[in-house]
Amino acid sequence: MDKSFEPSTFESKWYAHWEATGLFKPSGDASKPAYSILLPPPNVTGTLHMGHAFQHTLMDTLIRYHRMRGFDTLWQLGTDHAGIATEMVVSRNLHLAGKGETRDGLGREKFVEKVWEWKQESGDTIERQMRRLGSSGDWSRSVFTMDPMPSKAVVETFVRLYEQGYIYRGKKLVNWDPVLKTAISDLEVVSEEENGLLWSIRYPLVDATYEHVERDAEGNVTLRETRDYLVVATTRPETMLGDVAVMVHPEDARYAHLVGKQVRLPLCGRTIPVIADAYVDRAFGTGVVKVTPAHDFNDYAVGQRHKLPAINIFTPGARIIGGSEDSAFESVSQTPLEALDTGPDMADALKSIPERYRGLDRFEARQRIVEDLEAQGLLVEARPHTLMVPRGDRTGQVIEPYLTDQWFVRMDEFARQGLAAVESGRVRFVPDTWTSTYRHWLENIQDWCISRQLWWGHRIPAWYDEAGRVYVGRDEAEVRAKHGLGENVALRQDSDVLETWFSSALWPHATMGWPDPEAMAARGFDRYLPSSVLVTGFDIIFFWVARMIMMTGHFTGEVPFKDVYITGLVRDKDGQKMSKSKGNVLDPIDLIDGISLEALVAKRTSGLMKPSDAPKIEKATRKEFPNGIPAFGADALRFTFASLATHGRDIKFDLARCEGYKNFCNKLWNAARFVLMNTEGFSASGVPTPTTDAERWILDRLQHLLREVETQFAAYRFDLASQAMYEFVWNEVCDWFLELAKPALQGGDAAAIASTRHTLLFVLEQSLRVLHPLMPFITEEIWSHVAPKLGLGGGSISVQAYPAFDAALTDARAAADIEWLKSVISALRSIRSQLGVPPGKAVPLLLSGKGDAAQIERHSGGLKFLARLESIGWVQGDPPPAAAAVLGELTLLVPLEGLVDLEAERARLDKEIRRVEGEIAKCQGKLGSGTFVANAPAAVVEQERRRLAEWTTMLEGLKANRGRL
């Protein structure tokens, strides 16, 4: 082995070996239990971010752990076509190429060809990065959502759901990105608080007046006047052009008599009714609000309840309709259709929009409308107001609630199926607290908008004739044959594609070949569905997890997975969400390989949505990483992720942890070199037969580790499993066993030397296996040197059996003995350190009080060797001035003559006495509390009593020692 730990020298080598030898492929062996995990498909446009790396580490850990435990493991990999993101990337690439090519200029067919070209060139970036992290999935089975197999599943699903009455086309309000000109999902909308204005506008009453009264906080009247108008408050004055009513609370006495009256819509002149609805917050503003069903989700619900028309005033680009970009009010919309004979005529309503607003961008229209309201004396006030503004996560533009024709899935029946799968226990959430979140969403579910106005994606399998009739089928030939449409009937396919979440919802069974029986048999459909666990984030429980449960259940009768392990969100060390705009993003590959400061600054400041943020981001980066980021290696990063994998919602990632776990790798590396150097020319096999208590102790501690790791992995507590591994390897193996082994290795007992060498190799090899699922590279590299000495073959640690608890290797007596020995050595080392005794200087040890003489004799050789003692004896008569440590009823005395300044030792003892007196006071305080004694568990009370007795004995010994000085 090399002298120093350099992960770059072996990580890529071992991954290539694993992949080339097929270690990641499932065996298909029916005699083995199956264990499978479905990778949440990352976007083909993307690169590995910290959330990916975190979750992939946990998935790979589970796969490697179960592979070593003898399971037939499958980690089903794949990528998502990411409709919106991919179109944006390819469009940007066309612009940067400078050839004048654009998406619209190329047309659908040519543009999609460009997307496929880009996918072939750059689409596998994230897969290469996953390999760097050590992901042990079967790449030969990787699926891309636009591949023929999953595409067939998408078409089949759409057609069946349509024929079953679950899919329909209708006009509804959706989230609309006016830059991309497509509907988007809630997940792609980011709402944040922003400063804005609240405008109060006069809406004149038609042939009506009322007495307006205002009161102060004590109820005293501050204003009373007769008004012939209502004051309406709004944060979006431009949408008033589409108002269809004003609304008050039905129990608001101020306006009850006005319900059913009419007001005149400012600037437009048409009249709209005053209605009553409990949605109104009487305490907000004047208690009167406008109703614009086509441009507000809450107003849309009100409009449905009151059968109000919905007037769409925007073009797809968020301009006021009627401008040069749209033809003859083609965007006229009304919902519901049965309300056509009520309210104003739609065409007349749209024609009432003044010419001066038509064609204006929504924010230009807002400014002009406010100016006109003020000029006409209709603007009461405009005051600062904080509001939640929805923006598209791709474009950063304000999202419009927009009324369009879209394809939807009816969700009520699916929701019942999804709830049943979890309530019955067939699907389990970990932690269980997420079950209530899942349940709440399904109990309040809305129909699912599945269409997108894009070109890249699965095109909707629906065709229209010239009369606008729709026909759904697997292809055009099937449509014509099924409906008797001859070749002379012109058909055009729907131009929309299905949203990415639709194909993702089919991921569990589509990746297994459904609906093709031959493909299903070849890919192990019956063996690997349901999968064992899904590892994913809480933010997509609704968008993906729930829909997979519903769709898989509907089409296969199975659940897609048995467990859903919900991870937290990886944030920076200060708890801030990592984002490009904040300049706090960490690239996991940079943590593995390292990156210079200049390269890091360039990466963080390029491609910003707001280039003006670059100087601020650069300054913060230079301050936080003055020397760039060092190379930690994949194992240190993976162990860091595991240590952070609690069952909490947020995960603070601190680079200092990576540094600590790289040190852990160094510790393991150096320990392995020590073992190998001390076992040169030695070989053994099987389980060692220990001859020393040190061996018996470490084998006992190993069994405790194995039991703890098994428990924590079963509970998905990666943090506790990694903590147990760390403490065993660092503290018990490296800090203690390697030291405790030295007396035997350097002694003259041949049997003890041989057994200690065997135990060193055995414990190291077992530790490597225990660590391997979390730290695959370093364990494989060390194991390749250790395995030959133990006669182990197989070519890789990956296929070795994971160590199992062996009760025969436990030894309570030896464990207790060595724990006592450790306490004595620690106490003596502490005395030597405090007294400043040189490491090489041997000192005498005197003992007083009560102790197990046989135990002391058994370990006298180890004590002398490890604590550098020249002699061990019992005090006869009064002890000389000595530095003391009290262990129960035994006092350790190191004579001070020639070692130390007596005055300094008195000060040390005084300080220790005060500390112990403080501990005694704490114990007495608890035990003196009736509440504590009455309410605390009996075991806790008893433990406190034992602690008090131990501290009291220690204090007596310390005071006696102090008295002797």
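Each value, and the rule that gives it
Residues numbered from 1 in each chain as written. Predicted model: local features only at pLDDT ≥ 70, side-chain atom pairs only at ≥ 80, totals over all residues. Heavy atoms only, no water. Helix = DSSP H or I, 4+ residues; strand = E, 2+ residues; numbered from the N terminus. Buried < 20%, exposed > 50% of the residue type's maximum accessible area, 1.4 Å probe, protein only. Contact = heavy atoms within 4.5 Å. Lys, Arg positive; Asp, Glu negative; His and termini not counted. Charge placed at Lys NZ, Arg CZ, Asp CG, Glu CD. pLDDT = per-residue confidence, 0-100. Axes fitted to C-alpha atoms, helices over the stretch in contact; angles between N-to-C directions. Parallel < 35°, antiparallel > 145°, perpendicular 65-115°, else oblique. Left-handed = near helix turned anticlockwise from the far one by under 90°. Nonpolar A, V, L, I, M, F, W, Y, C, P; charged D, E, K, R; others polar. Pairing = 2+ DSSP bridges. Salt bridge = Lys/Arg side-chain N within 4 Å of Asp/Glu carboxyl O. Polar contact = N/O pair within 3.5 Å; in protein donor to acceptor, adjacent residues only side chain to side chain.

1. Topic: the overall build of the protein chain
Line of reasoning, step 1. Looking only at helices and strands, the protein chain features 33 helices and 31 strands.
Line of reasoning, step 2. Once the C-alpha set of the protein chain is aligned to its principal axes, its extents read approximately 115 × 80 × 55 Å.
Line of reasoning, step 3. Counting only residues that meet the buried cut, the protein chain has 54% of its 965 residues in that class.
Line of reasoning, step 4. By sequence separation, contacts in the protein chain at least 24 residues apart represent 79% of the contacts at least 6 residues apart.
Line of reasoning, step 5. Positive and negative charge centroids in the protein chain, built from 112 and 129 side chains respectively, lie 3 Å apart.

2. Observations concerning the confidence of the model for the protein chain
Line of reasoning, step 1. When pLDDT is averaged along the protein chain, the result is 91, and 97% of the positions lie at 70 or above.
Line of reasoning, step 2. Counting interchain partners and residues more than four positions distant, the pLDDT-below-50 stretch residues 326–344 has 40 contacts.

3. Details of the packing of helix α24 (residues 693–714) against helix α26 (residues 750–771)
Line of reasoning, step 1. Viewed as axis vectors pointing N to C, α24 and α26 meet at an angle of 15°, and their least axial separation amounts to 10 Å. It follows that α24 is roughly parallel to α26 by the angle criterion. In terms of crossing hand, the pair formed by α24 and α26 is left-handed. Where α24 abuts α26, its residues E695, I698, L699, L702, L705, L706 and V709 lie against A752, S755, T756, T759, F762, V763, Q766 and V770.
Line of reasoning, step 2. The class makeup of the residues in the contact of α24 with α26 is 10 nonpolar, 4 polar and 1 charged.

4. Quick notes on the sheet that holds strand β18 (residues 448–449)
Line of reasoning, step 1. Spatially, the 4 strands line up as an open sheet ordered β6-β5-β16-β18, and their pairing is antiparallel. Looking at the sheet topology across the chains shown, the edges are occupied by β6 (182–184) and β18.
Line of reasoning, step 2. Lying over the sheet, helix α8 (residues 297–306) contacts β5 (167–177) and β16 (400–409), oriented at roughly 145° with respect to β5.

5. Focus on the side chain of R832
Line of reasoning, step 1. Here R832 shows up in helix α28 (residues 812–835).
Line of reasoning, step 2. In this structure, R832 is buried with no salt-bridge partner, the nearest side chain bearing the opposite charge being E870 at 8.8 Å.
Line of reasoning, step 3. Among the polar contacts listed, one links the side chain of R832 to the backbone oxygen of P838, at a separation of 2.8 Å.
Line of reasoning, step 4. Those residues in contact with R832, other than ones at most four positions away along the chain, are V837, P838, P839, K841, V843, A867 and R868.

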